[in-house]
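# What the coordinates show
Here's the letter readout for the chains.
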Amino acid sequence: MTCPLCASAAPLSSFPVPGGPADASADICATCAAQIDGTPEENHWRGLASSMWSEDVAVQVLSVRMLKRLDAPWAQDLLDQVYLDEDTQAWVDNVAAASSHKDANGATLEQGDNVVLIKDLPVKGAGFTAKRGTAVRGISLVADNPEHIEGRVEGQRIVILTQFVKKK
């Protein structure tokens, strides 16, 4: 079998394609799988010119995602040519952003996580203290500051420093 992304004749293995249907995957070679998760070598990906038109939607999604990662004029030209239906484009764009928000223990915090306060925190302007052990459900990440999250405590929406919470 040949890899649908790079057209090399190598053993293929199933590679999950997140952001779309639950069990979506594409059978690709080990070199492509390693470069998708690591640093892509520009010349290895010249086969994307044909794979972006694949009938397998998971292969299309992987192709367009890799074209977006490559910093080469030919990759940008291919991106300008590709046409995807609305559902496929939504799948391509549905990539979880790496969060730089970390709790007191170094665990990565994501949008919607539940956390517990590890210190009593006086809430300025609200006139109360958020007690240690208080659960904060469904946090929001402050985009421009990885040391801040937002959550609701005693009915008030407050900003909390990530150093004073631990992930539940």
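Above this text you will find the structure in question.
With that settled, the discussion passes to the overall build of the chain. Looking only at helices and strands, one finds 5 helices and 10 strands in the chain. Whereas a compact globule of 168 residues would reach a radius of gyration of roughly 15 Å, the chain reaches 22 Å, over 25% beyond that. Over its C-alpha atoms, taken along the principal directions, the chain stretches across nearly 65 × 30 × 30 Å. Relative to its 168 residues, the chain shows a buried fraction of 38%. Considering only intrachain contacts with a sequence separation of at least 6, the fraction spanning at least 24 residues in the chain is 51%. Looking at the chain as shown, the accessible area adds up to about 9900 Å², and 49% of this sits on carbon and sulfur atoms. Here the chain contributes 15 positive and 22 negative side-chain charges, whose respective centroids are spaced 17 Å apart.

Read from one edge to the other, the open sheet built from 3 strands follows the order S7-S8-S9, with strand pairing classed as antiparallel. The sheet is open, and its two borders are formed by strand S7 (140-141) and strand S9 (156-161), each paired with just one other strand. Both S7 and strand S8 (residues 148-153) contribute to a ladder of 2 bridges, which runs antiparallel. Bridged to Ser140 within S8 is Glu150.

Turning our attention to helix H3 (residues 57-69). For H3, spanning 13 residues, the distance from its first C-alpha to its last is 19 Å, which sits close to the expected 18 Å at 1.5 Å a residue. Tucked inside the fold, the buried residues of H3 contact strand S1 (12-16), strand S2 (25-29), helix H1 (30-37), helix H2 (48-51), helix H4 (73-81) and helix H5 (86-93). In this structure Asp56 caps H3, since a side-chain oxygen of it lies 3.1 Å from the backbone nitrogen of Ala58.

It is worth spelling out unusual backbone geometry at this point. Note on backbone geometry: most residues besides glycine have negative phi, and most peptide bonds are trans. Phi at Ala7 is positive, roughly 65 degrees, even though this residue is not glycine. Note on placement: Ala7 falls in the segment before S1. For Ala7, a relative accessible area of 55% gives the class exposed. A positive phi angle is found at Glu154, which is not glycine, with a value near 50 degrees. Mapped onto the secondary structure, Glu154 falls in the loop between S8 and S9.

About the criteria used
Note that residues are indexed from 1 along each chain, following the sequence as it is written. Reporting in this predicted model follows two pLDDT cut-offs: at least 70 for local features of residues, and 80 or more for side-chain atom pairs to be given and counted; totals over whole chains, interfaces and linings ignore these cut-offs and use all residues. Only hydrogens and water are set aside; all other atoms, that is, all heavy atoms of the structure, feed into the side-chain values. Strands are runs of DSSP state E lasting at least two residues, helices are runs of H or I lasting at least four, and both sets are numbered from the N terminus onward. Just to be clear, the radius of gyration here is over C-alpha atoms, and the globule rule we use is 2.2 Å times residues to the power 0.38. Relative accessibility thresholds used throughout: buried, under 20% of the residue-type maximum; exposed, over 50%; partly exposed, between the two (1.4 Å probe, protein chains only). By definition, residues are in contact when any of their heavy atoms lie within 4.5 Å. Residue exposure ignores everything except the shown protein chains as possible cover, and the areas themselves are Shrake-Rupley values with a 1.4 Å probe. When charges are counted, neither His nor the chain ends are considered; positive counts come from Lys and Arg and negative counts from Asp and Glu. Here the site of a charge means NZ on Lys, CZ on Arg, CG on Asp, or CD on Glu. Between any two strands, at least two bridges found by DSSP are needed for them to pair. To estimate the expected span of a helix, subtract one from its residue number and multiply by 1.5 Å. N or O atoms closer than or at 3.5 Å make up a polar contact, with two conditions inside protein: a donor-capable atom paired with an acceptor-capable one, and, for residues adjacent in sequence, both atoms drawn from side chains.

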